[in-house]
Amino acid sequence: MVEGILLLAVMALALVLRAIPSIKNGHYGYDSYYHLLVARTISERKRLPEKDTYMAPEGDYGYPPLLHVLLKPFAWKHEKFALRYLAPAIDTLTVLVAYGLACQLGVHHPILIALIVAVSPMAVLQGASLSPRPLGNLALSFAMFIAFVFWKTPDLRLIPFLVVSETLVMLSHKMSTQTLLVAHPAVSLAIMYYNPAEGLTVLLALPAALALAVLVTRGRYLTRVLKDHIGFIKVHTRHGDYVTGKKGLPSPIRSLKSDPLSFAGPFL
């Protein structure tokens, strides 16, 4: 009972912290209006656009479409609400999933994990802006939660939830997809160490998720989204880091300095 009240309080705190920038300024984030403009186009044409006329330079529309589809009901009349509260609400759900994941991992005080996610400055900033990040992070966190639940209590009925959540990752956010491509095999191999059949079952969920993403988008995920994603990675590989211009993996020290609480949290 007390733990439940504390969790609700932490989630309320997470929601308020993430909503403050947009309530104060009317919006938050450079890309917020871009996403709303695409949602307007979908609302008008009743389908995904072929060309991305709101991006400079213009080109084929290869953005992961899930956020834009979800924003369609908010186009025109309810855009202010979406700007202020949609991303904070989605990211607050990630706090709940983080709590559940901590419980599955056997953390003695899982409420502390939820609190770290709720107040970590980088998490707050990324959850405040209307962007695909909160959606991708929620889907990714839920996928990892399901994988660990399956590890603890193998039940094949959980696998469809894993496949669907990973499909949502692919259709929502590029960086979350890149994280998934590392995290999913890592968890699968860990499970495989203890039970090869169960680990292989989890491992096969990833290609199944890709197949589902291709199926629900009628091939568009392969021909547009994944193609654009690979091109995006090639640009970074060719030109290096945004800040330093250096090629290769980013400095872990710089990452630690930018978001110490999130990186130190697991060790704490």
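The rules behind the values
Residues numbered from 1 in each chain as written. Predicted model: local features only at pLDDT ≥ 70, side-chain atom pairs only at ≥ 80, totals over all residues. Heavy atoms only, no water. 1 Å grid on protein atoms, 1.4 Å probe; cavity = no way out; pocket = protein on both sides within 12 Å on 5 of 7 lines; lining within 4 Å. Points joined across faces, edges and corners; volume = space filled by probe spheres on them. Nonpolar A, V, L, I, M, F, W, Y, C, P; charged D, E, K, R; others polar. Salt bridge = Lys/Arg side-chain N within 4 Å of Asp/Glu carboxyl O. Helix = DSSP H or I, 4+ residues; strand = E, 2+ residues; numbered from the N terminus. Expected span 1.5 Å × (residues − 1). Buried < 20%, exposed > 50% of the residue type's maximum accessible area, 1.4 Å probe, protein only. Contact = heavy atoms within 4.5 Å. Core = buried A, V, L, I, M, F, W, Y, C linked by side-chain atoms within 4.5 Å. pLDDT = per-residue confidence, 0-100. Polar contact = N/O pair within 3.5 Å; in protein donor to acceptor, adjacent residues only side chain to side chain. Axes fitted to C-alpha atoms, helices over the stretch in contact; angles between N-to-C directions. Left-handed = near helix turned anticlockwise from the far one by under 90°. Patch = residues over 30% accessible without salt bridge, like charges linked within 9 Å, V, L, I, M, F, W, Y side chains within 5 Å. Areas by Shrake-Rupley, 256 points an atom, 1.4 Å probe, with all protein chains shown as cover. Phe/Tyr/Trp six-rings, centres within 6.5 Å; stacked < 30°, edge-to-face > 60°. Lys NZ or Arg CZ within 6 Å of the ring centre and 35° of its normal.

### Description of the layout of surface pockets
Here is step 1 of the chain: Space inside the second largest pocket adds up to approximately 330 Å³.
Here is step 2 of the chain: Each residue belonging to the lining of the second largest pocket can be placed in one class, and the counts come to 3 nonpolar, 4 polar and 2 charged.

### Re the pattern of salt bridges
Here is step 1 of the chain: Taken as a whole and judged by the stated rule, the model has 7 salt bridges.
Here is step 2 of the chain: Put simply, Lys174 and Asp228 hold a salt bridge, and the shortest N to O gap is 2.7 Å. Separated by 54 residues along the polypeptide, Lys174 in helix H9 (residues 174-194) and Asp228 in helix H11 (residues 220-239) bring together distant segments of the chain.
Here is step 3 of the chain: It is possible to trace a salt-bridge network through shared partners that takes in Glu50, Arg220 and Arg224.

### Brief notes about helix H7 (residues 132-152)
For an α-helix the count is 3.6 residues per turn, leaving residues at separations of three or four pointing the same way.
Here is step 1 of the chain: The end-to-end C-alpha separation of H7 is 30 Å, in line with the 30 Å expected for 21 residues at 1.5 Å each.
Here is step 2 of the chain: The buried fraction of H7 amounts to 15 of the 21 residues, a majority that puts the element mostly inside the structure.

### A look at unusual backbone geometry
Here is step 1 of the chain: Backbone geometry at Trp76 places phi at a positive 75°, although glycine is not the residue there.
Here is step 2 of the chain: As for its placement among the helices and strands, Trp76 is situated in the loop between helix H3 (66-71) and helix H4 (79-104).
Here is step 3 of the chain: Relative accessible area serves as the criterion here: at 44%, Trp76 is assigned to the partly exposed category.
Here is step 4 of the chain: Even without a glycine there, the phi angle at Arg218 is positive, about 55°.
Here is step 5 of the chain: Inspection of the secondary structure puts Arg218 in the loop between helix H10 (196-216) and H11.
Here is step 6 of the chain: On the basis of relative accessible area, Arg218 is assigned to the exposed category, the value being 81%.

### A short note on helix H8 (residues 159-170)
Here is step 1 of the chain: Helix length check: H8 (12 residues) gives 17 Å between terminal C-alpha atoms against 16 Å at 1.5 Å per residue, within 8%.
Here is step 2 of the chain: Listed in full, the buried residues belonging to H8 are Ile159, Leu162, Val163, Ser165, Glu166, Thr167, Val169 and Met170.
Here is step 3 of the chain: Each element contacted by the buried residues of H8 is listed here: H7, H9, H10 and H11.

### Section: the nonpolar core
For soluble globular proteins, nonpolar side chains are generally found buried alongside one another.
Here is step 1 of the chain: Core analysis: the biggest nonpolar cluster contains 41 residues, and Leu71, Leu86, Leu162, Met170 and Leu180 have the highest contact counts within it.
Here is step 2 of the chain: Sorting the residues of this core by element identifies helix H2 (32-45), H3, H4, H7, H8, H9, H10 and H11 as the ones contributing at least two each.
Here is step 3 of the chain: At 11 residues, H7 tops the list of elements feeding residues into this core.
Here is step 4 of the chain: Judged by nonpolar contacts, the second largest core, of 9 residues, contains Leu7, Val10, Tyr99 and Ala118.

### With respect to the side chain of His229
Here is step 1 of the chain: Here His229 is to be found in helix H11.
Here is step 2 of the chain: Once residues lying within four places of it in the same chain are set aside, the contact partners of His229 are Lys174, Thr177 and Gln178.

### Looking at the confidence of the model for the protein chain
Here is step 1 of the chain: For the protein chain, the average pLDDT comes to 91, and 96% of its residues sit at 70 or higher.
Here is step 2 of the chain: For the protein chain, per-element mean pLDDT is lowest for helix H13 (residues 260-264), which scores 71, and highest for H8, which scores 98.

### With respect to the environment of Arg157
Here is step 1 of the chain: Mapped onto the secondary structure, Arg157 falls in the loop between H7 and H8.
Here is step 2 of the chain: The exposure class of Arg157 is exposed, given its relative accessible area of 64%.
Here is step 3 of the chain: With 144 residues separating them in the primary sequence, Arg157 and Leu13 have C-alpha atoms 34 Å apart.
Here is step 4 of the chain: In this structure the side chain of Arg157 is engaged in a polar contact, spanning 2.9 Å, whose partner is the side chain of Asp155.

### Things to note about the packing of H4 against helix H5 (residues 110-119)
Here is step 1 of the chain: Running from N to C, H4 and H5 point in directions that differ by 150°, and their axes come no closer than 8 Å. In this structure, H4 crosses over H5, and the sense of that crossing is right-handed. Here H4 contributes Val95, Ala98, Tyr99, Ala102 and Cys103 to the contact with H5, which in turn contributes Pro110, Ile111, Ile113, Ala114, Val117 and Ala118.

### Thoughts on a nonpolar patch on the surface
Here is step 1 of the chain: On the surface, Met1, Val2, Ile5 and Leu6 cluster together into a nonpolar patch covering about 470 Å² of accessible area.
Here is step 2 of the chain: Summarising the element assignment, Leu6 is placed in helix H1 (residues 2-25).

### Describing the packing of aromatic side chains
Here is step 1 of the chain: Throughout the structure, instances matching the rule amount to 7 aromatic pairs.
Here is step 2 of the chain: Judged by centre distance (6.1 Å) and plane angle (35°), the rings of Phe142 and Phe145 are tilted. Of the two residues, Phe142 and Phe145 both sit in helix H7, 3 residues apart, roughly one turn of that helix.
Here is step 3 of the chain: Its relative accessible area of 31% is what places Phe142 among the partly exposed residues.
Here is step 4 of the chain: Measuring from ring centre to ring centre gives 5.9 Å for Trp151 and Tyr194, while their planes differ by 40°; the resulting arrangement is tilted. Here the residue Trp151 occupies a position in helix H7, and Tyr194 occupies one in helix H9, the gap between them amounting to 43 residues.
Here is step 5 of the chain: Residue Trp151 is classed as partly exposed on the basis of its relative accessible area of 26%.
Here is step 6 of the chain: Members of the aromatic cluster, joined through ring pairs, are Phe148, Trp151, Tyr193 and Tyr194.
Here is step 7 of the chain: The lysine or arginine in question, Lys174, covers the ring of Tyr63, its NZ or CZ lying 5.8 Å from the ring centre.

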